Amino acid sequence: MLRADPLSNVLYIDLSKKHYRTEKREDIFEKYIGGTGAAIQILHEECPQGCDALSQENPIILAVGPLTALFPLASKTVAMFKSPLTGNLGESHCGGRSAVAIRLAGYGAIVIKGASYLPVYLAVHSGRVYFRDASSLWGMRSNFTVGRIIRENEPGAGLRTIMRIGRAGERLVSYACVTTETYRHFGRLGLGAVFGSKKLKAVMVSGKSSLPVRDKSQYREVYDEIYRAAVKSEVMKKYHDLGTAENILPLNELGALPTKNLRTAKFDGVSGISGEKFAEQYLGRRLACSHCPVGCIHIAALREPYEDEVYFYKTSMISYDYEPIYALGPMLGNSDTEGMLRLMDMVEAYGLDAMSTGVALAWATEAMEKGIISEKEAIIRLNWGDYRAYKEGVRMIVEQPNEFYRALAHGVEYASSVYGGEDYALAFGKNEMPGYHTGAGAHIGILIGARHSHLDNAGYSIDQKALARNKNPLPEELVEALLAEERWRQILSSLAVCFFARGIYLPETVLKALRQAGFDLSIEDLPRIGEEIHREKYRFKIREGFSLESLRIPGRILETLSPAGRLDERYIREAIGHFRRLMTEPES
Amino acid sequence: MNMRLAVEDTERCIGCQSCMFACARRVDEAGLAKTCIGVRSVGGMERGFIVVVCRACEEPPCAKVCPTGALETRALGGVNFNKVKCTGCGHCVSACFIGAIFWDDETNKPMICVHCGYCASFCPHGVLKLEKKEVPAHAQS
């Protein structure tokens, strides 16, 4: 690391004492780069063993990396915390303006501890932290409005991030998200509830400093190389054209798109919710995260009449991506384009994770069909494709008017442990499933992934490659491929670059870029550090009670045909067993 | 140098701020402290962006209010900035109400676009363009 680089500055904020300090942590950043690598070390230090995720002891760690604000596509902030959804490692990545703002405010990481006795939001400007009374924002119905008010109340337009929670976070829904810049999220694993438990409504950070580089002319050369690749390369094209929604039709064609609580993996109504449909009829704007020329963020413009007055309309701008479409579309049998957009808009306004919300409602719908819950519990009748009922369901998950919705707000694993229906409760390691029934790789990947995310190791991608070769890997081969990918991703998320840029940030490019940030690493160092970070994450998981032996495999994934055929529980268990052996081997 | 940086179409802007980083790199800086371009949302990203760059005014208000003659009007519009003459009073910033004069906190002096067009080569969607400007008759020597 370069001596003048502020990367190793860690800002510690104590919400209980309304106190802050900055500490140099070269020890961590030199060894573990930044992002995920730094965050897991700080989590080990700051998170007491066995603490309640919603207690004031649970720290929030936001970390960026050496490439942030130096190179394009290094646009992600890594959040680490103990997850209220899984009771274990919580890691979530978010773009928007968050990473560049934190880095140019002069920090490599921000650690938020304690809890406030009254609602607050934090404003970080020019090395100072302001604790602002957020009582007037607490309880506000729409997350959009919260952002608007803070935007007007704070300086630094264009150079700041506003990370905030909605009602769902305040109401401690275990899968409440944190939203930045209106449309990006620390989506998964309930960071929003951790904010809420601390009475922390928002964190805004502004910054516009300079950063040192090793050699100015080489820096420009490496920059240009990465930038040109980002704007010209075919690997990035899909992200800016149709965006991630491009995957809806091909995954459906493959028979891998979870539909109606994964009773099937093909959706009849797919044409209403395809990436093409949105792009052609609703796409109103494309946006980018700071320092990313790709612009994968797709915003639909939905014009709707008011029913009580003629010629009176509103236009809502609604962000869509593959995952929220999957979870609020096919998973709930929704093929009504506009109905689904309205549902998405509501999930956004409340600040919920779209994936967990969709899966929870899908389970509830099936549980009603099977008669294990009735209208007494659900209050309304949930039917596939009835987006109005689902909107009401979303509202009740947040407001929690009875025991049933209180349970559902804790996730589908918990709700099914109370009401039954575990076989079709689609959670892996207590986290609701993402939209891939591509084969065993997708599901095993989430089961063994360090943070239970489909982005840990991209099992879905390994499945699709196996399909293309028409050859199923042995469980050992599959696990080794997943583990290799996951270890490499620890490097990417420590830099911290967007995973969409993985085709550009290949090892040689990573080394060149890191060199300009003052990290002299060799090609052999990268897998070693990646493995070490991955093991550190697992060390935390084991410390918090994670066990590969007790992983639940939802029966439904074995019943519903995948493109790779019917999945075999024995194969999955063998794969998990092999993973366990690899993880107990000494470090390579 | 009869070139001028122009904003072709702000509606094409995706807010990536690549231009802002490019502007800083042009003066061998990384980060955003030295950028002379400002891209920010129109009060929420859903409504698009404001791209603030120097318009190369033919009669620049900033030069008119400079008490020390540090800002000289260029023949083709815009200004040349003479650091030595500048006292850092900041009048130029107030006079340019479109906000195109940026401030260097390190030197306590303004930073003003020189219309080199380096940023335009890093705009992925053609929002910024370096265009030829006709020399106005009164400016021809």
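Residues numbered from 1 in each chain as written. Chains lettered and ligands numbered in written order. Predicted model: local features only at pLDDT ≥ 70, side-chain atom pairs only at ≥ 80, totals over all residues.

Chemist: Requested: an account of the overall build of chain A, with residues and values cited.
Modeler: When helices and strands are tallied, chain A shows 24 helices and 18 strands. For chain A, the C-alpha radius of gyration of 22 Å lies close to 25 Å, the compact-globule estimate for 588 residues. With the principal axes as the frame, chain A shows a C-alpha extent of 65 × 60 × 50 Å. The buried share of chain A, reckoned over its 588 residues, is 59%. Taking the contacts inside chain A whose residues are at least 6 apart along the sequence as the reference set, 69% of them involve residues at least 24 apart. (Helix = DSSP H or I, 4+ residues; strand = E, 2+ residues; numbered from the N terminus. Rg over C-alpha atoms; globule rule 2.2 N^0.38 Å. Buried ≥ 20, exposed ≤ 12 C-beta atoms within 10 Å, placed from the backbone. Contact = placed C-beta atoms within 7 Å.)

Chemist: Help me get a handle on the interface of chain A and chain B, residues and values and all.
Modeler: Often, the extent of an interface is quoted as the loss of accessible area on bringing the components together. Each partner contributes to the interface: chain A provides 34 residues, whereas chain B provides 24 residues. Listed by contribution, the elements that provide at least two residues to the side of chain A that touches chain B are helix H4 (143-153), strand S13 (210-211), helix H7 (216-232) and strand S14 (283-287) of chain A. Of all the elements, H7 of chain A adds the most residues to the side of chain A that touches chain B, at six residues. Of the residues in the side of chain A that touches chain B, the class split is 19 nonpolar, seven polar and eight charged. Direction of pairing for S13 of chain A relative to strand S2 (residues 30-31) of chain B: antiparallel, over a ladder of two bridges. Opposite serine 210 of chain A, over in S2 of chain B, you have glycine 31 of chain B as the bridge partner. (Nonpolar A, V, L, I, M, F, W, Y, C, P; charged D, E, K, R; others polar. Pairing = 2+ DSSP bridges.)

Chemist: Pulling in residues and values, what's your account of the packing of helix H13 (residues 354-369) of chain A against helix H17 (residues 412-419) of chain A?
Modeler: All names here are of chain A. Contact pair H13 / H17: the axes reach a minimum separation of 10 Å and the direction vectors enclose 20 degrees. Comparing the axis directions of H13 and H17 gives the class roughly parallel. Where H13 crosses over H17, the two elements pack in a sense that is right-handed. Two secondary-structure elements touch here, H13 through Val359, Ala360, Trp363 and Ala367 and H17 through Val412, Ala415, Ser416 and Tyr419. Residues belonging to the contact of H13 with H17 are distributed by class as follows: seven nonpolar, one polar and no charged. (Axes fitted to C-alpha atoms, helices over the stretch in contact; angles between N-to-C directions. Parallel < 35°, antiparallel > 145°, perpendicular 65-115°, else oblique. Left-handed = near helix turned anticlockwise from the far one by under 90°.)

Chemist: Explain the environment of tryptophan 384 of chain A to me, and be specific about the residues and the numbers.
Modeler: All names here are of chain A. Along the chain, the position of tryptophan 384 falls in the loop between helix H14 (375-378) and helix H15 (387-399). Among the residues examined, tryptophan 384 registers 21 C-beta atoms within 10 Å and is labelled buried. Setting aside residues up to four positions removed in sequence, tryptophan 384 forms contacts with Lys260, Leu332, Gly333 and Thr365.

Chemist: Explain the sheet that holds strand S16 (residues 313-320) of chain A to me, and be specific about the residues and the numbers.
Modeler: Residue and element names in this part refer to chain A. Pairing is antiparallel across the open sheet formed by three strands, whose spatial order is S14-S15-S16. Lying at the two open borders of the sheet, with one neighbouring strand each, are S14 and S16. For this sheet, the mean inter-axis angle between neighbouring strands, taken without regard to orientation, is 25 degrees. Sheet topology places strand S15 (residues 297-305) next to S16; eight bridges connect them, and they run antiparallel. Along S16, the bridge assignment pairs leucine 302 with serine 316. Together, S15 and S16 form the strand contacts of helix H12 (residues 337-350), whose direction differs from that of S16 by roughly 75 degrees.

Chemist: Describe the domain arrangement of chain B, and please don't skip the residues or the numbers.
Modeler: Residues and elements named next belong to chain B. Assigned domains of chain B: these are domain 1 (1-53 + 113-133) and domain 2 (56-112). Each of domain 1 and domain 2 was reduced to a C-alpha centroid, and the two centroids are 19 Å apart. Listed per partner, the contact involves eleven residues of domain 1 and eleven residues of domain 2. (Domains from an automatic or database assignment.)

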